[in-house]
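The chain contents come next:
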Amino acid sequence: MGLEIQVTFDCADPAALAGFWAQVLHYEVQGPPPGFATWDAALDAFGVPPEHRNSRSAVVDPAGAGPRIFFQRVPEGKSAKNRVHLDVRAAPGLTGGDRMAALEAEALRLIELGARRLERFEPAPPMETGFIVMADPEGNEFCLD
């Protein structure tokens, strides 16, 4: 039996962060369990009070290829640089100016969704192809690679 992974984010607003990452990754917010038309109907049936309804959320790859990404509310805010981060492969196979132009275009799209641009690293052959460091709406760093 093969293993699967799930990437988990601690955050303040799981629904908002799930919505952001669904758009970034072309994923979708995970739907309610079978037998329920909406999450509200499921949470009502499970007896979850309104104040706990945004305690977690998840996004999934509609093609089923990528990992599930889970968002859980925690009381403390982000206080330091991430020790693990996502690389969003926005320019696979591209090099030089074409690569950086594709990364810049994706950076602009993500900024419109609420991301912040932190730093650009220029290509430095033979090892470095160039990338852009971004932050999601809660400050979690990720790279456009």
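A brief look at the structure comes next. (Residues numbered from 1 in each chain as written. Predicted model: local features only at pLDDT ≥ 70, side-chain atom pairs only at ≥ 80, totals over all residues. Heavy atoms only, no water.)

**So, the nonpolar core**
- Core analysis: the biggest nonpolar cluster contains 24 residues, and Trp 21, Phe 71, Met 134, Phe 142 and Leu 144 have the highest contact counts within it.
- For this core, the elements supplying multiple residues, two or more each, are β1 (6-11), α1 (14-25), β4 (68-73), β5 (86-88), α3 (96-113), β7 (131-135) and β8 (141-144).
- Considering each element in turn, this core owes the most residues, six residues, to α1.
- Contacts of Phe 71, omitting those with residues within four sequence positions, involve Phe 9, Cys 11, Pro 14, Leu 17, Ala 18, Trp 21, Ser 55, Arg 56, Ser 57, Ala 58 and Val 59. (Core = buried A, V, L, I, M, F, W, Y, C linked by side-chain atoms within 4.5 Å. Buried < 20%, exposed > 50% of the residue type's maximum accessible area, 1.4 Å probe, protein only. Helix = DSSP H or I, 4+ residues; strand = E, 2+ residues; numbered from the N terminus. Contact = heavy atoms within 4.5 Å.)

**Quick word on the pattern of salt bridges**
- Under the counting rule described, the total for this entry stands at nine salt bridges.
- As a salt-bridge pair, Asp 145 and Arg 99 come within 2.5 Å of each other at their nearest N and O atoms. Of this pair, Asp 145 sits in the segment after β8 while Arg 99 sits in helix α3, placing them 46 residues apart in sequence. An identical accessibility class is assigned to Asp 145 and Arg 99; each is buried.
- Residues Arg 120 and Glu 104 are paired through a salt bridge, measuring 2.6 Å at the closest nitrogen-oxygen approach. Remark: Glu 104 occurs in helix α3 and Arg 120 occurs in strand β6 (residues 116-121); sequence separation between them is 16 residues.
- Among the charged side chains, a salt-bridge network with shared partners connects Glu 104, Arg 117, Arg 120 and Glu 122. (Salt bridge = Lys/Arg side-chain N within 4 Å of Asp/Glu carboxyl O.)

**Some remarks on the environment of Val 84**
- Along the chain, the position of Val 84 falls in the loop between β4 and β5.
- In the structure, Val 84 is positioned 56 residues away from Asn 140 in sequence and 9.6 Å away in space, judged by C-alpha atoms.

**A short note on the side chain of Asp 145**
- Among the residues examined, Asp 145 registers a relative accessible area of 18% and is labelled buried.
- Within the structure, the side chain of Asp 145 is placed 2.5 Å from the side chain of Arg 99, a separation counted as a polar contact. (Polar contact = N/O pair within 3.5 Å; in protein donor to acceptor, adjacent residues only side chain to side chain.)

**Quick look at the sheet that holds β7**
- Pairing is mixed across the open sheet formed by four strands, whose spatial order is β5-β8-β7-β6. Pairing within the sheet leaves two strands with one partner each, and these edge strands are β5 and β6. When strand polarity is set aside, the average angle formed by the axes of neighbouring strands in this sheet is 25 degrees.
- Sheet contacts for α1: β5 and β8; angle to β5, the most-contacted strand, approximately 40 degrees.
- Here α3 sits on the sheet in contact with β6, β7 and β8, set at roughly 10 degrees to β7. (Pairing = 2+ DSSP bridges. Axes fitted to C-alpha atoms, helices over the stretch in contact; angles between N-to-C directions.)

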